[in-house]
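# Observations on the three-dimensional arrangement
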Amino acid sequence: MGQGGEAGWSGAYLHWDSQWRERAGILAWSDPEPWVAEVIDMVRGRASGPGRASGPGGRALDLGCGVGRHTLLMARRGLQAHGTDRSEAGLRHVREQGERLGLAVHLCAADFRQLPFGPGTFDYVLAWNTIYHGTEQDCAAGLREVRRVTRPGGLLQATMLSKRNREYGLGIEIHSNTFVQPQATDDKVHPHTYSDEPGIARLYQDFRMLAAAERDHGGSGSHHWHLLCEVP
Ligand SMILES: C[S@@+](CC[C@H](N)C(=O)[O-])C[C@H]1O[C@@H](n2cnc3c(N)ncnc32)[C@H](O)[C@@H]1O
């Protein structure tokens with residue numbers, strides 16, 4: 001899939017691929033989020049009910065898995081753990097960690113706008129700090145794919161950048177609600193989409209919203225939406 005034009009523009013993985021080649025870059029993203037651990041436990045309970053996509057543990061997808069802190073947690077907690085990312089370095093690290101820890105992880109390189117899975121494959125999809133990398137069009141394309149690959153009754157746990165984030169409005173607005181900071185030294189040189197409450201409602205209109213709250217990552221104005229949704 002191309003990076004620009006009609007298909008949208010989602011090149012942030014290039015930054016992350018460099019970061020995942022550095023030990024310090026990996027270490028900064030190694031500890032699982034407590035709320036993710038809570039939802040994984042909830043999924044284990046739900047996956048044993050009727051209409052489940054897989055065995056007793058449930059089948060889970062870590063979308064834009066990075067260096068796999070949550071993919072490995074899913075496997076450790078008994079889910080069938082799948083991870084996708086466009087960063088080869090990230091995927092290599094997850095694979096090595098899985099082997100080292102004796103955990104089964106199923107990995108493949110994929111763009112979140114085009115997932116190589118059939119309809120209703122997953123009980124649970126996690127998109128932590130992933131799906132806002134790109135324009136709103138990219139984000140909407142990713143969410144259409146998530147909805148397709150998640151079974152009815154399955155869960156999506158996601159974060160989105162909030163318009164209350166300290167970086168909202170910095171740089172050039174290349175598309176509605178999408179900013180690029182050409183001088184940035186981090187992934188903000190690539191497009192990022194920011195959302196307010198109506199924007200979240202619009203993007204997630206095909207999901208049933210179970211929980212939506214704004215949280216400041218790191219306590220320094222890095223406001224993100226924390227979302228939990230169900231596929232109808
Ligand atoms: C901020 S990191 C988060 C990693 C992981 N979700 C975590 O919480 O540890 C964002 C990840 O999304 C990936 N990514 C960005 N754009 C992507 C795309 N279009 N398709 C697939 N992965 C993408 C990056 O390569 C990177 O690994």
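These figures come from a predicted structure and were not determined experimentally.

This next bit is on the nonpolar core. Counting residues in each nonpolar core, the largest one holds 28 residues, and the members touching the most others are Leu63, Ile131, Leu156, Met160 and Tyr204. Listing elements by their share of this core, those giving two or more residues are strand S1 (59–63), strand S4 (122–127), helix H6 (136–149), strand S5 (150–162), helix H7 (197–203) and strand S10 (222–230). For Met160, the residues in contact, after removing those within four places along its chain, are Ile131, Tyr132, Cys139, Ser195, Ile200, Leu203, Tyr204, His224, Trp225 and Leu227.

What follows is about the site of the ligand. Taken together, 20 residues form the shell around the ligand, and within it Trp20, Gly64, Arg69, Asp85 and Trp128 come nearest. Within the side chain of Arg69, one N or O atom sits 2.7 Å away from an oxygen atom of the ligand. Contacts to the ligand include Arg86, whose backbone N or O atom sits 3.5 Å from a nitrogen atom. Taken by itself the ligand offers 600 Å² of open surface, and the protein chains cover 99% of this. Taken together, the elements giving at least two residues each to the shell around the ligand come down to helix H1 (13–19) and helix H4 (69–76). Of the residues that constitute the shell around the ligand, the class distribution is 8 nonpolar, 8 polar and 4 charged.

Within the secondary structure layout, Arg151 lies in strand S5. Among the polar contacts made by the side chain of Arg151, one reaches the side chain of Asp123 at a distance of 2.6 Å.

This brings us to unusual backbone geometry. A positive phi angle, near 55 degrees, is found at Asn129, a position not held by glycine. As for its placement among the helices and strands, Asn129 is situated in the loop between S4 and H6. Since its relative accessible area comes to 12%, Asn129 is described here as buried. Although it is not a glycine, Asn177 adopts a positive phi angle of roughly 70 degrees. Position of Asn177 among the secondary structure elements: in the loop between strand S6 (172–175) and strand S7 (178–180). On the basis of relative accessibility, which here comes to 13%, the residue Asn177 falls in the buried class.

The subject of this paragraph is H4. Of all 8 residues in H4, 7 are buried; the element is thus mostly enclosed. Those residues of H4 not exposed but buried are Arg69, His70, Thr71, Leu72, Leu73, Met74 and Ala75. Against helix H3 (34–46), S1, strand S2 (80–85), helix H5 (88–101), strand S3 (105–109) and S4 lie the buried residues of H4. Taken from the residues just after H4, Gly78 is the one with a positive phi, measuring 95 degrees.

A word on the pattern of salt bridges. This model, assessed by the stated rule, comprises 15 salt bridges. Close ionic contact of Arg21 with Asp17 constitutes a salt bridge, the shortest N to O distance being 2.7 Å. When the shortest N-O distance is used, the salt bridge between Asp111 and Arg86 registers 2.8 Å. Within this pair, whereas Asp111 is found in the loop between S3 and S4, its partner Arg86 is found in the loop between S2 and H5, the two being separated by 25 residues in sequence. Salt bridges linked by common partners bring Arg86, Asp111, Arg113 and Asp138 together as one network.

Let us look at the pairing of S5. In terms of residue burial, S5 counts as a mostly covered element, since 12 of its 13 residues are buried. After leaving S4, the chain enters H6 and then returns to the sheet as S5, a path that is right-handed. Where S5 lies against strand S8 (residues 192–195), 2 bridges are found, and the strand directions are parallel. Each residue of the ladder has a partner; that of Ser162, found in S8, is Ser195.

Conventions we followed
- Residues numbered from 1 in each chain as written.
- Predicted model: local features only at pLDDT ≥ 70, side-chain atom pairs only at ≥ 80, totals over all residues.
- Heavy atoms only, no water.
- Core = buried A, V, L, I, M, F, W, Y, C linked by side-chain atoms within 4.5 Å.
- Buried < 20%, exposed > 50% of the residue type's maximum accessible area, 1.4 Å probe, protein only.
- Helix = DSSP H or I, 4+ residues; strand = E, 2+ residues; numbered from the N terminus.
- Contact = heavy atoms within 4.5 Å.
- Near = heavy atom within 4 Å.
- Polar contact = N/O pair within 3.5 Å; in protein donor to acceptor, adjacent residues only side chain to side chain.
- Areas by Shrake-Rupley, 256 points an atom, 1.4 Å probe, with all protein chains shown as cover.
- Nonpolar A, V, L, I, M, F, W, Y, C, P; charged D, E, K, R; others polar.
- Salt bridge = Lys/Arg side-chain N within 4 Å of Asp/Glu carboxyl O.
- Right-handed = clockwise from strand over helix to strand, strands pointing away.
- Pairing = 2+ DSSP bridges.

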